[in-house]
Structure formats: structure tokens, C-alpha cells
Amino acid sequence: MRPNLKACGQALITAMVNAVLALTLMLLVEFAITGTFQLAGPYLWAGLLIGLVIFFAQFWRQRHLCRNGQSTQESPDTISGKRAPPPINARGEAAK
């Protein structure tokens, strides 16, 4: 139950931020075209739809990450159970 609540909270924050940014972008384009800020119904529906799609996608992703015990800030050290190769510098040599 705890991973689901954590995933839901993180997904909700991400979805709301992205929906507000999308709505703001739509309003800026409307202002660039017409010269006035008109908050039309289709913009609100589009912002709501964007928010819902992002919420469900992020919820699924965050729940999967929380169940596996990984944080979104971490990157795995291994690839297919093997240790990841060291990064290569500009000269083509393995970093130390």
C-alpha cells in the first residue's frame, strides 16, 4: 500500500506541473495569434486530458520503480546482471 501512495503523490505532482505548463503554452500561443488571453473551453479540456494521461503514465512508472526498491534519482550499476563498463574519455581510453 505504501509504494502505491508514494507513486500516486509523485505522479500527481508531475501531472499537475505538466498540465499547467501545457495550458500556459497554449495560452501564450493564443496570445501570439490573437493578441488577447482567452481561456477557451477546448484549452481547459486539453489541459485536463494532458494531465490525466501524464498522471496515469507516471503513476504506472513510479509504482513499478517503488516496487522494485529503486529511486528515480538512482541509476543502476549493472546491465543484465553484469557490471557496467567504465566511461570512455575524449581520447577513447577508459576512465580511471
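Draft legend 1. Local environment of the overall build of the protein chain. Within the protein chain, the regular secondary structure consists of 2 helices and 2 strands. Helices and strands in the protein chain line up, N terminus first, as α-α-β-β. Split into buried and exposed, the 96 residues of the protein chain put 17% on the buried side. Pairs at least 24 apart in sequence give 50% of the contacts found in the protein chain among residues at least 6 apart. As displayed, the protein chain has an accessible area near 7,800 Å², and 65% of this comes from carbon and sulfur atoms.

Draft legend 2. Spotlight on a nonpolar patch on the surface. A contiguous nonpolar patch, built from Trp45, Leu48, Leu52 and Phe56 and spanning about 470 Å² of accessible area, is present on the exposed surface. Note that Phe56 resides in helix α2 (residues 41–67). Classification of Phe56 as exposed rests on a relative accessible area of 53%.

Draft legend 3. Region of interest: the packing of aromatic side chains. For the structure shown, the criterion picks out 2 aromatic pairs. Here Phe55 and Phe56 contribute two aromatic rings whose centre-to-centre distance is 5.4 Å and whose plane-to-plane angle is 70 degrees, an arrangement assigned as edge-to-face. Residue classification places Phe55 among the buried residues on the basis of a relative accessible area of 18%. A centroid spacing of 6.1 Å and a plane angle of 20 degrees characterise the contact between Phe55 and Phe59, whose relative ring orientation is stacked.

Draft legend 4. Examining the side chain of Glu30 more closely. Looking at the secondary structure, you find Glu30 in helix α1 (residues 2–34). Buried and without a salt bridge, Glu30 has Arg61 as its closest oppositely charged side chain, separated by 32 Å. Not counting the four nearest positions on each side in its chain, Glu30 is found in contact with Gly35, Thr36, Gln38 and Tyr43.

Draft legend 5. View of α2. With 27 residues, α2 extends 39 Å between its outermost C-alpha atoms, agreeing within 8% with the 39 Å of an ideal straight helix rising 1.5 Å per residue. Residues of α2 that are buried: Tyr43, Gly47, Gly51, Phe55, Gln58, Gln62, Leu65 and Cys66.

Rules and cut-offs
Residues numbered from 1 in each chain as written. Predicted model: local features only at pLDDT ≥ 70, side-chain atom pairs only at ≥ 80, totals over all residues. Heavy atoms only, no water. Helix = DSSP H or I, 4+ residues; strand = E, 2+ residues; numbered from the N terminus. Buried < 20%, exposed > 50% of the residue type's maximum accessible area, 1.4 Å probe, protein only. Contact = heavy atoms within 4.5 Å. Areas by Shrake-Rupley, 256 points an atom, 1.4 Å probe, with all protein chains shown as cover. Patch = residues over 30% accessible without salt bridge, like charges linked within 9 Å, V, L, I, M, F, W, Y side chains within 5 Å. Salt bridge = Lys/Arg side-chain N within 4 Å of Asp/Glu carboxyl O. Phe/Tyr/Trp six-rings, centres within 6.5 Å; stacked < 30°, edge-to-face > 60°. Lys, Arg positive; Asp, Glu negative; His and termini not counted. Expected span 1.5 Å × (residues − 1).

All quantities given are derived from atomic positions and should not be read as evidence of function.
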